[in-house]
Amino acid sequence: MPQWEVTFINPKSITVKNGQQTQKIPADSVIMATGVKSDSFELINFLEKSNYKYYVIGDAYKPGKITDAIYQGFNVGINLDKNFINRFKIFNKFHFPQGK
């Protein structure tokens, strides 16, 4: 949504503003894609002070190719899945192959 500013993110929605117009949009996930140049300092600062778990990938980590960002996102997703599975003892009886 060009020209809109995200003013609030919560677990069920985001609030955006364009001038005087404000809109609440239902959302269960938020992916931020901003401009060409990464300016993630403020966002990372905020996340470090919060209780949110986060991963910095793609151009927010360092400028690179889209394939690098996809690879980094894939690896984060794989590790999230492993961490999720390891939190539940019921899954311990199953064998999940480890990547090389």
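Below: a short report on this structure.

About the cut-offs
Residues numbered from 1 in each chain as written. Predicted model: local features only at pLDDT ≥ 70, side-chain atom pairs only at ≥ 80, totals over all residues. Heavy atoms only, no water. Helix = DSSP H or I, 4+ residues; strand = E, 2+ residues; numbered from the N terminus. Contact = heavy atoms within 4.5 Å. Areas by Shrake-Rupley, 256 points an atom, 1.4 Å probe, with all protein chains shown as cover. Pairing = 2+ DSSP bridges. Axes fitted to C-alpha atoms, helices over the stretch in contact; angles between N-to-C directions. Buried < 20%, exposed > 50% of the residue type's maximum accessible area, 1.4 Å probe, protein only. Patch = residues over 30% accessible without salt bridge, like charges linked within 9 Å, V, L, I, M, F, W, Y side chains within 5 Å. Salt bridge = Lys/Arg side-chain N within 4 Å of Asp/Glu carboxyl O.

### Considerations on the overall build of the protein chain
A count of helical and extended segments in the protein chain gives two helices and three strands. Residue pairs in contact within the protein chain that sit at least 24 positions apart in sequence constitute 6% of those at least 6 positions apart. Of the roughly 9,300 Å² of accessible surface on the protein chain, 58% is carried by carbon and sulfur atoms.

### Side note on the environment of Glu5
Structurally, Glu5 is set in strand 1 (residues 5-9). Along the sequence, Glu5 and Thr22 sit 17 residues apart, while their C-alpha atoms lie 9.4 Å from each other. Among all residues touching Glu5, those that are not within four sequence positions of it are Thr15, Val16 and Lys17.

### Observations regarding the sheet that holds strand 1
Reading across from one edge, 1-2-3 is the order of the three strands in this open sheet, with antiparallel pairing throughout. Two strands lie at the open edges of the sheet, namely strand 1 and strand 3 (21-26), each paired on one side alone. Between one strand axis and the next, the sheet turns through 25 degrees on average, direction left out of account. As paired strands, strand 2 (residues 13-18) and strand 3 are joined by six bridges and run antiparallel to one another.

### Quick look at the environment of Ala27
Secondary-structure assignment places Ala27 in the loop between strand 3 and helix 1 (41-49). Distance in space between the C-alpha atoms of Ala27 and Ser13 is 4.5 Å, their sequence separation being 14 residues.

### Concerning the pairing of strand 3
Burial runs low along strand 3: only zero of the six residues are buried. Adjacent in sequence and paired antiparallel, strand 2 and strand 3 are bridged by two residues, among which Gly19 carries a positive phi angle near 65 degrees.

### Side note on the pairing of strand 2
As judged from the four bridges shared by strand 1 and strand 2, these two strands associate in the antiparallel manner. Within strand 2, the position partnered with Ile9 by the bridge is Ile14. The turn linking strand 1 back onto strand 2 is made up of three residues.

### A few points about a nonpolar patch on the surface
Residues Val6, Ile9, Val30, Met32, Leu43, Phe46 and Tyr52 make up a contiguous nonpolar surface patch of roughly 660 Å² in combined accessible area. Going through the elements one at a time, strand 1 and helix 1 are the ones with two or more residues in the nonpolar patch. Mapped onto the elements, Phe46 comes out in helix 1. In this structure Phe46 comes out as partly exposed when scored by relative accessible area, which is 48%.

### So, the side chain of Thr15
In this structure, Thr15 sits in strand 2. Note on Thr15: relative accessible area 17%, which makes it buried. Non-local contacts of Thr15, meaning those with residues more than four positions away in its chain, are made with Glu5, Val6, Thr7, Phe8, Thr22, Gln23 and Lys24.

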